[in-house]
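# Chains, contacts and geometry: an overview
Letter by letter, the chains look like this.
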Amino acid sequence: MNIIVITGASSGIGVEFALQLDNVFQNIDEIWMIARRKKEMLEIAQHLEHTTRVLDMDVTKEEQIERLKKLLADEKPVIRMLVNCAGYGILGDFSASNIHEELGMIEVNCKALTQMTHLCLPYMKKNSRIIQLASSAAFLPQPNFAVYAATKAYVYSFSRALNQELRHKKIYVTAVCPGPVDTPFFDIAEKTGSSLAVKKLTLVRADQVVEKAIEDSYYKRERSVYGKWIKSFEILAKMIPHGILLKGMRFLK
Ligand SMILES: NC(=O)c1ccc[n+]([C@@H]2O[C@H](COP(=O)([O-])OP(=O)(O)OC[C@H]3O[C@@H](n4cnc5c(N)ncnc54)[C@H](OP(=O)(O)O)[C@@H]3O)[C@@H](O)[C@H]2O)c1
C-alpha cells in the first residue's frame, strides 16, 4: 500500500497539501491526515478523491506516537511522501511570555517533526519524498519571534543535512521556507504580539506556497522559497551581516 502522510492536516498549509497532493499523485492508495482536530480533517477528507485515514493525535504525546508506530508496523505501507506541517508560532517579548507556550513550540516544531521523520523513514523507499515546513524566519534571528525563528532554523538545518544523508537511498528532503502565509497561523501567533507591518505586506496564499513546494520536491530541490519578497529577504540575509540587519529591524517595529 502506497501512502502519503501529512501532519497539521486540519488547517492552513496542511489542508492545502492534502487537496493538491490528492490531484497530483496517481499511484497512491491512501492519504493519512494527522492533527488533533478530527472534525476538521473529516470535513476535508470528504473533498478528497483518495481513500483517507484521519488520525486524530497530538504529535507531542508519546503514547499517541506509539499508536502510530503500531499502525505502521501492522500495515507496513510504503510512505511515498511525508509532509510535516504541524507547528505554531507565538509572537511577543520572550521575557513576558508564557514559558509553556514557548517550550511547546520546541516540542511541536522541532521534537515532533524529528520524531515523525524518524518513525516514517523505515517505510520509505527509493524516490520517496519528505517535505518539512520551515519558514523564512530560519534565515535570520527574529526579535519578538525569537523561539519560533530558532525552531525554524533547526528545521531548515536538519532538513538540509538529512537530504544529504539520504542521497544514497534516493530519498529527497525539501525544506519549505515561506514568509507570511494567509492561514489561521496568525490567530495563534498574534495572541500576545502584533506582526511587523512589512509581514502583512508580503502575505501570500497557501495554495501558491504549496504548489511551489510540490514542484520543488518533485525536482528534488533542497529548499522551496516562494515569492520575490521572500527570495530577496533570503539573499539579503546571506549577503548582509546579521548584526546590521538586526539593528535595522529595531526601526521597523
Ligand atoms: N502561516 C504562515 O505564515 C507560515 C509561514 C511560515 C511557516 N509556517 C509553518 O507552516 C506550518 C503550518 O502552518 P499553518 O500556517 O498551516 O498554520 P495553521 O493553520 O495554524 O495549522 C497548524 C497545524 O498544526 C497542527 N498542530 C499544531 N500543534 C499540533 C500538535 N500538538 N499535534 C498535532 N498537530 C498539531 C494544527 O492542528 P490541530 O490544532 O488540529 O492539532 C494545524 O493543523 C507550521 O509549521 C508553521 O510554522 C507558516
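Cut-offs applied
- Residues numbered from 1 in each chain as written.
- Predicted model: local features only at pLDDT ≥ 70, side-chain atom pairs only at ≥ 80, totals over all residues.
- Heavy atoms only, no water.
- Patch = residues over 30% accessible without salt bridge, like charges linked within 9 Å, V, L, I, M, F, W, Y side chains within 5 Å.
- Areas by Shrake-Rupley, 256 points an atom, 1.4 Å probe, with all protein chains shown as cover.
- Salt bridge = Lys/Arg side-chain N within 4 Å of Asp/Glu carboxyl O.
- Helix = DSSP H or I, 4+ residues; strand = E, 2+ residues; numbered from the N terminus.
- Buried < 20%, exposed > 50% of the residue type's maximum accessible area, 1.4 Å probe, protein only.
- Near = heavy atom within 4 Å.
- Polar contact = N/O pair within 3.5 Å; in protein donor to acceptor, adjacent residues only side chain to side chain.
- Nonpolar A, V, L, I, M, F, W, Y, C, P; charged D, E, K, R; others polar.
- Axes fitted to C-alpha atoms, helices over the stretch in contact; angles between N-to-C directions.
- Parallel < 35°, antiparallel > 145°, perpendicular 65-115°, else oblique.
- Left-handed = near helix turned anticlockwise from the far one by under 90°.
- Contact = heavy atoms within 4.5 Å.
- Core = buried A, V, L, I, M, F, W, Y, C linked by side-chain atoms within 4.5 Å.
- Lys, Arg positive; Asp, Glu negative; His and termini not counted.
- Charge placed at Lys NZ, Arg CZ, Asp CG, Glu CD.
- Expected span 1.5 Å × (residues − 1).
- Bend = angle between axes of the 7 residues up to and from the residue.
- Pairing = 2+ DSSP bridges.
- Right-handed = clockwise from strand over helix to strand, strands pointing away.

### Comments concerning a nonpolar patch on the surface
On the surface, Phe-94, Ile-99, Leu-103 and Ile-106 cluster together into a nonpolar patch covering about 360 Å² of accessible area. Its place among the elements puts Ile-106 in helix H4 (residues 99-120). You can call Ile-106 partly exposed: its relative accessible area is 40%.

### Some details on the site of the ligand
Surrounding the ligand, one finds 30 residues, the nearest of these being Ser-10, Ser-11, Arg-36, Tyr-148 and Thr-183. The separation between an oxygen atom of the ligand and a polar side-chain atom of Lys-152 is 2.9 Å. Thr-183 is positioned such that a nitrogen or oxygen atom in its side chain is 2.5 Å from an oxygen atom of the ligand. Protein contacts shield 96% of the accessible area of the ligand, which totals 880 Å² for the unbound molecule. Broken down by secondary-structure element, the contributors of at least two residues to the shell around the ligand are helix H1 (12-24), helix H5 (146-165) and helix H6 (185-189). Grouping the amino acids of the shell around the ligand by side-chain chemistry returns 17 nonpolar, nine polar and four charged.

### Regarding the pattern of salt bridges
For side chains bearing opposite charge, pairing can occur when the charged atoms are close. Applying the stated criterion to the full structure yields 13 salt bridges. The residue Glu-75 makes a salt bridge to Arg-53 at a minimum N-O spacing of 3.1 Å. With Glu-75 in helix H3 (residues 62-75) and Arg-53 in strand S3 (residues 51-56), the pair connects residues that are 22 residues apart, well separated along the chain. The partly exposed category is assigned to Arg-53, whose relative accessible area is 21%.

### Quick notes on the packing of H1 against helix H8 (residues 206-218)
Two elements in contact, H1 and H8, have axes separated by 9 Å at closest approach and are oriented at 50°. Relative to H8, H1 is oriented oblique. Handedness of the crossing formed by H1 with H8: right-handed. Here Ile-13, Glu-16, Phe-17, Gln-20, Leu-21 and Val-24 of H1 come into contact with H8, specifically with Ala-206, Asp-207, Val-210, Glu-211, Ala-213 and Ile-214. Residue composition of the contact of H1 with H8, grouped by class: eight nonpolar, one polar and three charged.

### Some points on the nonpolar core
Core analysis: the biggest nonpolar cluster contains 36 residues, and Val-5, Ile-34, Leu-68, Ile-79, Leu-82, Met-116 and Ile-130 have the highest contact counts within it. Only strand S1 (2-7), strand S2 (30-35), H3, strand S4 (78-84), H4, H5 and H6 provide two or more residues apiece to this core. Considering each element in turn, this core owes the most residues, six residues, to H4. Discounting residues that sit within four places of it in the chain, Leu-82 has contacts with Val-5, Met-116, Thr-117, Cys-120, Met-124, Arg-129, Ile-130 and Ile-131. In terms of nonpolar packing, the next biggest core, distinct from the first, is built from 31 residues, Ile-44, Ala-45, Val-83 and Val-204 among them.

### Thoughts on a positive patch on the surface
Taken together, Lys-126, Arg-167, Lys-170 and Lys-220 make up a surface patch of like positive charges. Note on placement: Lys-170 falls in the loop between H5 and strand S6 (172-176). Exposure remark for Lys-170: the relative accessible area of 38% places this residue in the partly exposed category.

### Points about H4
Helix length check: H4 (22 residues) gives 30 Å between terminal C-alpha atoms against 32 Å at 1.5 Å per residue, within 8%. Of all the bends in H4, the greatest measures close to 30° and is centred on Ala-112. On the buried face of H4, the contacting elements are S1, S2, H3, S4, strand S5 (129-133) and H5. With a side-chain oxygen lying 2.8 Å from the backbone nitrogen of His-100, the N-terminal cap of H4 falls on Asn-98.

### Considering the side chain of Asp-216
Tracing the chain through its elements places Asp-216 in helix H8. Separated by 2.7 Å, the side chains of Asp-216 and Ser-224 make a polar contact. Ignoring any residue separated from it by four or fewer positions in sequence, one finds Asp-216 in contact with Thr-174, Arg-221, Arg-223, Ser-224 and Val-225.

### Considerations on the packing of H4 against H5
Any two packed helices are characterised by how steeply their axes cross, that is the angle between the axes, and by the distance between the axes. At a minimum axis separation of 9 Å, H4 and H5 run at an interaxial angle of 15°. With respect to each other, H4 and H5 are oriented roughly parallel. You can see that H4 and H5 cross each other, and the crossing is right-handed. Contacts between H4 and H5 involve Glu-102, Met-105, Ile-106, Asn-109, Cys-110, Leu-113, Thr-114 and Thr-117 on the former and, on the latter, Val-147, Tyr-148, Thr-151, Lys-152, Tyr-154, Val-155, Phe-158 and Leu-162.

### Describing the pairing of S2
Within S2, six of the six residues are buried, which leaves it mostly tucked inside the rest of the structure. The sheet contact formed by S1 and S2 spans five bridges and is parallel. Directly across from Ile-6, in S2, lies its bridge partner Met-33. You can see the chain leave S1, run along H1 and come back into S2, and the turn it takes is right-handed. Both S2 and S3 contribute to a ladder of six bridges, which runs parallel. For Met-33, the partnering residue across the bridge sits in S3 and is Val-54. Remark: the S2/helix H2 (residues 38-45)/S3 crossover connection has right-handed handedness.

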